[in-house]
Amino acid sequence: MAVVSARNAPKTAPRRVTILGSTGSVGCNTLDLICRNPDSFAVEALTANGQAERLAEQAKRVGARLAVVADEDRYRDLKAALSGSGIEAAAGPAAVIEAAARPTDWVMAAIVGVAGLTPTMAAVRRGAVVALANKETLVCAGALMTAEVARSRATLLPVDSEHNAIFQVLDSKRPEAVERIVLTASGGPFRTLSREAMANVTPEQAVAHPNWDMGAKISVDSATMMNKGLEIIEAQHLFAMPAERIDVLVHPQSVVHSMVTYVDGSVLAQMGQPDMRTPIAYTLAWPDRMAVPVKRLDLAAIGQLTFETPDLERFPALRLAREALQAGGSGPTALNAANEVAVRAFLDKRIGFLEIARVVEDTLRSLPAAPLLSLEQVWSVDREARGIASGLISRPR
Ligand SMILES: NC(=O)c1ccc[n+]([C@@H]2O[C@H](COP(=O)([O-])OP(=O)(O)OC[C@H]3O[C@@H](n4cnc5c(N)ncnc54)[C@H](OP(=O)(O)O)[C@@H]3O)[C@@H](O)[C@H]2O)c1
């Protein structure tokens, strides 16, 4: 058997990568790993929405070829910040899609919300390895996206820590041996609060997640537990697992990132510190592993891991997500659109925290689920649900 040591190992070409949403929480963590391994990766394109200066700084730091802002009003600032660097600048939603469509080996889909759908689809269509953080795309158009993955022979790698954990412990070659998936949930910052107390929480309190440092939208989703509802839908598509076999378990320490129960009673879990660089690294190096400087897990220091059943009375968003999934078709698309509108309104202090789930529930009641056969239908349902949710928010109660 030939022995290849690190010294004489054949040098492989760096993996060409594009990061959609590079200025966000997941995007910055991805760039951190890339910067620590400059010989292993070559950056083709980085995209953002409006943070032109931050994007330009990132593009210069990693020597990207292209930087794109979705917001066309920020083009001049981006161009100015990149002047003399030789890095191409572009702006507008179509330019973000073009960035995703450029030939690269690997794409990080880390735009927040349904805004990421078309760019992510562009990467899937060309058969790329797509590291998927943008869960809203699978929630809105899961069946269409998984069909496109099968057609184009793209690879979808889950970045969400829970789904990445399942991906690591799921025996995909023996689906008949898998009984259930258990998604763990931290319970968010309001895990122990009464409904009365939740009525008065502020956006600042909602985004202060106890374990994870994340973008504002997902932090609010964690606080309402809609995030876990979206993740049930995401898991159903990623692992072809019916919702009845996907459980949610509240685990405040966020050490067990999720579990798979097998027919023989074995339960396999993936554990680690709550640091997104671990799941991101798993997708960056896939099918290998790479060294990541995260704090190591010290179970003796942690002492106790605890688990609770989620409280659907205090966290109705979890029930709403299951109902939308059961309704099928456009149900999850409408759920996501209404939630995006309601979370924005909460962050802007136009509605209270408890109103988020109410707006979603009332939108779903007004918009019965229908079959979804095309992306045009997805956008049409998205628009309609946004219109209904916005109307509910502006209407005096
Ligand atoms: N953060 C986490 O730890 C975490 C964990 C698991 C899953 N996820 C998922 O990963 C996704 C990203 O989350 P995040 O926390 O990284 O979000 P974030 O910090 O808010 O970053 C979002 C990124 O998307 C860009 N963006 C926003 N709106 C856009 C638009 N209309 N068009 C193009 N780009 C747009 C932002 O650009 P600007 O900076 O210019 O606004 C930013 O680069 C979400 O779907 C989330 O659910 C996140």
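Please refer to the structure higher up on the page.
Residues numbered from 1 in each chain as written. Predicted model: local features only at pLDDT ≥ 70, side-chain atom pairs only at ≥ 80, totals over all residues. Heavy atoms only, no water.

## Some details on the pattern of salt bridges
Here is step 1 of the chain: Tallying each qualifying case throughout the model produces 32 salt bridges.
Here is step 2 of the chain: Here Asp 171 makes a salt bridge to Arg 174, at a shortest N to O gap of 2.8 Å.
Here is step 3 of the chain: Among the ionic pairs, Asp 362 bridges to Arg 358, the shortest N-O distance being 3.3 Å. Of this pair, Asp 362 and Arg 358 both sit in helix α16 (residues 353-366), four residues apart, which is roughly one turn of that helix.
Here is step 4 of the chain: The exposure class of Asp 362 is partly exposed, given its relative accessible area of 21%. (Salt bridge = Lys/Arg side-chain N within 4 Å of Asp/Glu carboxyl O. Helix = DSSP H or I, 4+ residues; strand = E, 2+ residues; numbered from the N terminus. Buried < 20%, exposed > 50% of the residue type's maximum accessible area, 1.4 Å probe, protein only.)

## Notes on the site of the ligand
Here is step 1 of the chain: Residues in contact with the ligand amount to 24 residues; listed here are only the nearest, Thr 23, Gly 50, Gln 51, Glu 136 and Gly 215.
Here is step 2 of the chain: In this structure, an oxygen atom belonging to the ligand sits 2.6 Å away from a side-chain N or O atom of Glu 136.
Here is step 3 of the chain: Note that an oxygen atom of the ligand is positioned 2.9 Å from one of the backbone N or O atoms of Gly 215.
Here is step 4 of the chain: Alone, the ligand offers 890 Å² of accessible surface; in the complex the protein occludes 85% of this.
Here is step 5 of the chain: Breaking the shell around the ligand down by element, the ones donating at least two residues are α1 (25-36) and α6 (135-152).
Here is step 6 of the chain: Here the shell around the ligand is composed, by residue class, of 11 nonpolar, 10 polar and three charged. (Near = heavy atom within 4 Å. Polar contact = N/O pair within 3.5 Å; in protein donor to acceptor, adjacent residues only side chain to side chain. Areas by Shrake-Rupley, 256 points an atom, 1.4 Å probe, with all protein chains shown as cover. Nonpolar A, V, L, I, M, F, W, Y, C, P; charged D, E, K, R; others polar.)

## Things to note about the sheet that holds strand β9 (residues 246-250)
Here is step 1 of the chain: The strand order across the open sheet built from four strands is β9-β8-β10-β11, with neighbouring strands paired in mixed fashion. Looking along the sheet, the strands with just one partner apiece sit at the ends: β9 and β11 (267-271). Geometrically, the sheet is characterised by an average inter-axis angle of 20° between neighbouring strands, direction not taken into account.
Here is step 2 of the chain: Relative to β9, strand β8 (residues 178-185) runs parallel, the two sharing five bridges. Each bridged residue has a counterpart across the sheet, and for Leu 183 the counterpart in β9 is Val 248.
Here is step 3 of the chain: Taken strand by strand, helix α11 (residues 226-239) contacts β8 and β9, and its axis lies near 150° from that of β8. (Pairing = 2+ DSSP bridges. Axes fitted to C-alpha atoms, helices over the stretch in contact; angles between N-to-C directions. Contact = heavy atoms within 4.5 Å.)

## Here we look at helix α15 (residues 331-347)
Here is step 1 of the chain: Between its first and last C-alpha atoms α15 spans 24 Å; for 17 residues at 1.5 Å apiece the expected length is 24 Å, and the two agree.
Here is step 2 of the chain: Counting buried positions along α15 gives 16 out of 17 residues, so the element sits mostly inside the fold.
Here is step 3 of the chain: Backbone geometry just downstream of α15 places Lys 349 in the positive-phi region, at approximately 65°. (Expected span 1.5 Å × (residues − 1).)

## What about the environment of Leu 183?
Here is step 1 of the chain: Summarising the element assignment, Leu 183 is placed in strand β8.
Here is step 2 of the chain: The exposure class of Leu 183 is buried, given its relative accessible area of 0%.
Here is step 3 of the chain: A sequence separation of 77 residues divides Leu 183 from Val 260, and the C-alpha atoms of the two residues are 8.7 Å apart.
Here is step 4 of the chain: Aside from chain neighbours lying at most four places away, what touches Leu 183 is Glu 162, His 163, Ile 166, Lys 228, Glu 231, Ile 232, Ile 246, Asp 247, Val 248, Leu 249 and Ser 258.

## What about the side chain of Ser 254?
Here is step 1 of the chain: Counting through the fold element by element, Ser 254 comes out in the loop between β9 and β10 (256-262).
Here is step 2 of the chain: In this structure the side chain of Ser 254 is engaged in a polar contact, spanning 2.7 Å, whose partner is the side chain of Asn 211.

## Focus: the nonpolar core
Here is step 1 of the chain: The biggest cluster of nonpolar side chains holds 91 residues, and the ones touching the most others in it are Leu 117, Leu 335, Ile 351, Phe 353, Ile 356 and Val 378.
Here is step 2 of the chain: It is α15 that provides the largest number of residues to this core, a total of 10 residues.
Here is step 3 of the chain: In this structure, Ala 52, Ala 110, Ala 281 and Met 290 belong to the second largest nonpolar core, which totals 40 residues. (Core = buried A, V, L, I, M, F, W, Y, C linked by side-chain atoms within 4.5 Å.)

## As for the packing of aromatic side chains
Here is step 1 of the chain: Summed over the entire model, instances satisfying the criterion amount to three aromatic pairs.
Here is step 2 of the chain: Relative to Tyr 282, the ring of Phe 167 lies with its centre 6.0 Å away and its plane at 85°, an arrangement referred to as edge-to-face. Separated by 115 residues along the polypeptide, Phe 167 in helix α7 (residues 161-169) and Tyr 282 in helix α12 (residues 277-285) bring together distant segments of the chain.
Here is step 3 of the chain: The class of Phe 167 is partly exposed, set by a relative accessible area of 26%.
Here is step 4 of the chain: Geometrically, the ring pair formed by Phe 190 and Phe 353 is edge-to-face, given 5.1 Å between the ring centres and 85° between the ring planes. Here the residue Phe 190 occupies a position in the loop between β8 and α8 (195-198), and Phe 353 occupies one in helix α16, the gap between them amounting to 163 residues.
Here is step 5 of the chain: Of the residues examined, Phe 190 reaches a relative accessible area of 4% and is grouped as buried.
Here is step 6 of the chain: Assessed through its relative accessible area of 3%, Phe 353 is described here as buried.
Here is step 7 of the chain: Grouped by ring-pair contacts, the aromatic residues Phe 190, Phe 346 and Phe 353 constitute a single cluster. (Phe/Tyr/Trp six-rings, centres within 6.5 Å; stacked < 30°, edge-to-face > 60°.)

## Regarding the state of the cysteines
Here is step 1 of the chain: For the coordinates displayed, the defined rule picks out zero disulfides.
Here is step 2 of the chain: With no disulfide of its own, Cys 35 lies 10 Å from the sulfur of Cys 28, the closest cysteine sulfur.
Here is step 3 of the chain: Looking at Cys 35, the relative accessible area reads 32%, which means it is partly exposed. (Disulfide = S-S within 2.5 Å.)

## Details of unusual backbone geometry
Here is step 1 of the chain: With an omega of 5°, the peptide bond running from Trp 286 to Pro 287 counts as cis.
Here is step 2 of the chain: Tracing the sequence through the fold places Pro 287 in the loop between α12 and α13 (299-302).
Here is step 3 of the chain: In this structure, Arg 153 is a non-glycine residue whose phi angle is positive, near 60°.
Here is step 4 of the chain: With respect to the helices, strands and loops of the structure, Arg 153 is situated in the loop between α6 and β7 (155-158).
Here is step 5 of the chain: With a relative accessible area of 72%, Arg 153 lands in the exposed category.

Read these as geometric descriptors, not functional statements.
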